[in-house]
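Overview (structure and organization)
So the chains spell out like this:
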Amino acid sequence: TINDETVELVQPYFEMEDYTLQHGKKVCGNVAGLLSWTQAMVVFYGVNREVLPLKANLAKQEGRLKIANAEKDKAQAELDEKQAELDKVQAKFDAAMKEKMDLEDDAETCKRKMQAASALIDGLSGEKVRWTQQSKEFKSQIKRLVGDILLCTGFLSYCGPFNQDFRNLLLKDLWETELRAHKIPFSEDLNLISMLVDQPTISEWNLQGLPGDHLSIQNGIIVTKASRYPLLVDPQTQGKAWVKNREQENDLQVNSV
């Protein structure tokens, strides 16, 4: 119930010199208390007059804050909803990008394979002529195979005891003439060595001590291919050294006479 008028009415009392707590106590304790209370109420009124607008403003601002918080919560809920949708779309986008990268990698791999295949085809196209020629040569070799085998078996069976000249005489002058007479096809330029043994084997024989001339290699073929044990006439002991080296791993036993 205090107002400006009430404060104005008591203001002259506050300006009196004896209107103090100390003078009040000299008169009566209750008077001192009443005096102090009136002063406190005026001070309270002055403070409260400034505080009330602040309280009203505080209440108003709290209301606005409440509304703002509600709007914020609503906006946050919408944001969370949109974020969830964004996460789904982002997941689909990431999956699509991964699929795209996989497809690009597969396409690049396929492209490299196609390029390699094209290069291989181009390279093989140049071999077509040679393969065609070889195919024809294989057919011709098959037709000549019977005669070639006859010459090879004859060489293994009968040419061992003779020198190179007589071996050529048997092969070229006698046996090939018989094959022509009986119309048995054979290779005119037959190489017995390449027919009966490969080059790596010949190289291994040379490392074991066998000389590299045709006669020695033919003798090595007869030793290794013939069905009977060979008798080596070996004045230079080259054949003996070769046989010992060749059969060393098989624990060859040598008896000296």
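All values reported here derive from a predicted model rather than from experimental measurement.

This part covers the packing of aromatic side chains. Under the definition given, this model contains 2 aromatic pairs. Ring geometry for phenylalanine 162 and phenylalanine 166: centres 4.6 Å apart, planes at 50 degrees, overall tilted. Judged by its relative accessible area of 32%, phenylalanine 162 falls in the partly exposed class. For phenylalanine 166, a relative accessible area of 33% gives the class partly exposed.

Right, let's talk about the environment of glutamate 204 for a bit. The residue glutamate 204 is located in helix H6 (residues 199–207) in this model. Residue classification places glutamate 204 among the partly exposed positions, given a relative accessible area of 44%. The sequence separation of glutamate 204 and arginine 246 amounts to 42 residues, and the corresponding C-alpha distance is 9.1 Å.

Attention now goes to a nonpolar patch on the surface. A cluster of nonpolar side chains, Phe162, Phe166, Leu169 and Leu174, forms an exposed patch at the surface whose accessible area comes to about 310 Å². The residue leucine 174 is located in helix H4 (residues 164–181) in this model.

All right, on to unusual backbone geometry then. The phi torsion at threonine 237 lies on the positive side, around 60 degrees, for a residue other than glycine. As for its placement among the helices and strands, threonine 237 is situated in the loop between helix H7 (214–225) and helix H8 (238–246). Relative accessible area serves as the criterion here: at 44%, threonine 237 is assigned to the partly exposed category.

Okay, the nonpolar core next. Judged by nonpolar contacts, the single largest core of 20 residues is most densely connected at Leu151, Phe155, Leu192, Ile193, Val197, Trp205 and Ile221. Going through the elements one at a time, helix H3 (29–158), H4, helix H5 (192–196), H6 and H7 are the ones with two or more residues in this core. In this view, isoleucine 221 contacts Phe155, Leu156, Ile193, Leu196, Val197, Trp205 and Ala226; residues no more than four positions away in its chain are not counted.

Next up on the list: the environment of serine 36. By the secondary structure assignment, serine 36 is in helix H3. For serine 36, a relative accessible area of 32% gives the class partly exposed. Linking serine 36 and glutamate 99, residues 63 residues apart in sequence, is a C-alpha distance of 87 Å.

On the UniProt side, "domain: Dynein heavy chain ATP-binding dynein motor region" (unreviewed entry) is annotated at positions that read residues 204–255 here. Along residues 204–255, the helical share is 48% and the strand share 0%, with 25 Å between the first and last C-alpha atoms.

Considered domain by domain, the protein is made up of domain 1 (4–77) and domain 2 (143–244). Each of domain 1 and domain 2 has a C-alpha centre, and these two points are 137 Å apart.

Conventions we followed
- Residues numbered from 1 in each chain as written.
- Predicted model: local features only at pLDDT ≥ 70, side-chain atom pairs only at ≥ 80, totals over all residues.
- Heavy atoms only, no water.
- Phe/Tyr/Trp six-rings, centres within 6.5 Å; stacked < 30°, edge-to-face > 60°.
- Buried < 20%, exposed > 50% of the residue type's maximum accessible area, 1.4 Å probe, protein only.
- Helix = DSSP H or I, 4+ residues; strand = E, 2+ residues; numbered from the N terminus.
- Patch = residues over 30% accessible without salt bridge, like charges linked within 9 Å, V, L, I, M, F, W, Y side chains within 5 Å.
- Areas by Shrake-Rupley, 256 points an atom, 1.4 Å probe, with all protein chains shown as cover.
- Salt bridge = Lys/Arg side-chain N within 4 Å of Asp/Glu carboxyl O.
- Core = buried A, V, L, I, M, F, W, Y, C linked by side-chain atoms within 4.5 Å.
- Contact = heavy atoms within 4.5 Å.
- UniProt positions renumbered as here; feature names shortened; annotations may be inferred.
- Domains from an automatic or database assignment.

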